[in-house]
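Understanding the architecture of this molecule
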Amino acid sequence: MRHLKKIIPLSMGLSLFASPLGADNTVSAASTDTNADIMQLQRKLSLLGYFNTTPTGYNGEITRNAVSNFQRDFGLGIDGVAGPLTLQKLEDVEKIAHVVYGEARGESFEGQVAVAAVVINRVHSPEFPSSVASVITQQNAFTAVNDGQYYLSPNATAYQAVKAAYKGWDPSYGSTYYYNPVDSTNTWIFSRKVIRTIGKHNFAY
């Protein structure tokens, strides 16, 4: 994953979310599709509940306030500018939302938050890679990546579940694994200690 090196205001152009697992998200002062990029940012913020009007592609006060509220809730410096750290966090949120939707869209909201929490718990665990992208792309880590359901477009509920997990709700109680005991073909997973069951998933470590 490439990391952005300087903060450039939205009005100077953004290129965001090229693909769910895309590694090349850049900010460019030479961008010619600024309005489209800002509109894309607004749509992501809308799914998270921060941008509560129709996306316009205009970087005005509403957008800056939405960015500031996102930054506040996700522990970032608050300046209303979608700079490198903010874009990276938004990308991480989007990636986890794809996992949640691909793996647990039929589960309760609590169950979806728990799945999001497992991804975040793995990032914080020394037993797993230290970035969201690396956790998700780790070989055979998530069924949705293997069977392609990761690439479905997540809905607002999936984004809200990720937001809730980032804000500290962890219904998995610190789990770093989850699985469906009926469908799982990996016998090793049954050796993990189950902490709780939510819907069709066992959550374990």
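Per an unreviewed UniProt entry, the protein chain carries the name Cell wall hydrolase and comes from Priestia filamentosa.

1. Topic: unusual backbone geometry
For Asn-140, which is not a glycine, the phi torsion comes out positive at approximately 60°. Secondary-structure assignment places Asn-140 in the loop between α5 (132–137) and α6 (143–147). Positive phi, close to 60°, is recorded for Tyr-173, a residue that is not glycine. According to the relative accessible area criterion, Tyr-173 is exposed, its value standing at 56%.

2. Concerning the pattern of salt bridges
Applying the stated criterion across every chain yields a total of 5 salt bridges. Across the pair Glu-94 and Lys-44 runs a salt bridge whose closest N-O atoms are separated by 2.8 Å. With a gap of 50 residues between them, Glu-94 in helix α3 (residues 84–104) and Lys-44 in helix α1 (residues 34–47) connect regions that are remote in the sequence. Here Asp-73 makes a salt bridge to Lys-167, at a shortest N to O gap of 3.9 Å.

3. Digging into the environment of Lys-44
In this structure Lys-44 comes out as buried when scored by relative accessible area, which is 13%. Separated by 46 residues in sequence, Lys-44 and Leu-90 have C-alpha atoms that sit 7.9 Å apart.

4. A closer look at the sheet that holds strand β3 (residues 201–204)
A sheet is described by the order of its strands in space; here 3 strands give the open sequence β1-β3-β2, paired in antiparallel fashion. Strand pairing shows two members of the sheet lacking a second neighbour, β1 (177–179) and β2 (194–198), which therefore form its edges. When the angles between neighbouring strand axes are averaged without regard to direction, this sheet yields 25°. Direction of pairing for β2 relative to β3: antiparallel, over a ladder of 4 bridges. Residue Ile-198 lies in a different strand from β3, and its bridge partner there is His-201. Its contacts with the sheet put helix α4 (residues 109–124) on β1, β2 and β3, and the angle it makes with β3 is roughly 30°.

Criteria and thresholds
Residues numbered from 1 in each chain as written. Predicted model: local features only at pLDDT ≥ 70, side-chain atom pairs only at ≥ 80, totals over all residues. Heavy atoms only, no water. Helix = DSSP H or I, 4+ residues; strand = E, 2+ residues; numbered from the N terminus. Buried < 20%, exposed > 50% of the residue type's maximum accessible area, 1.4 Å probe, protein only. Salt bridge = Lys/Arg side-chain N within 4 Å of Asp/Glu carboxyl O. Pairing = 2+ DSSP bridges. Axes fitted to C-alpha atoms, helices over the stretch in contact; angles between N-to-C directions. Contact = heavy atoms within 4.5 Å.

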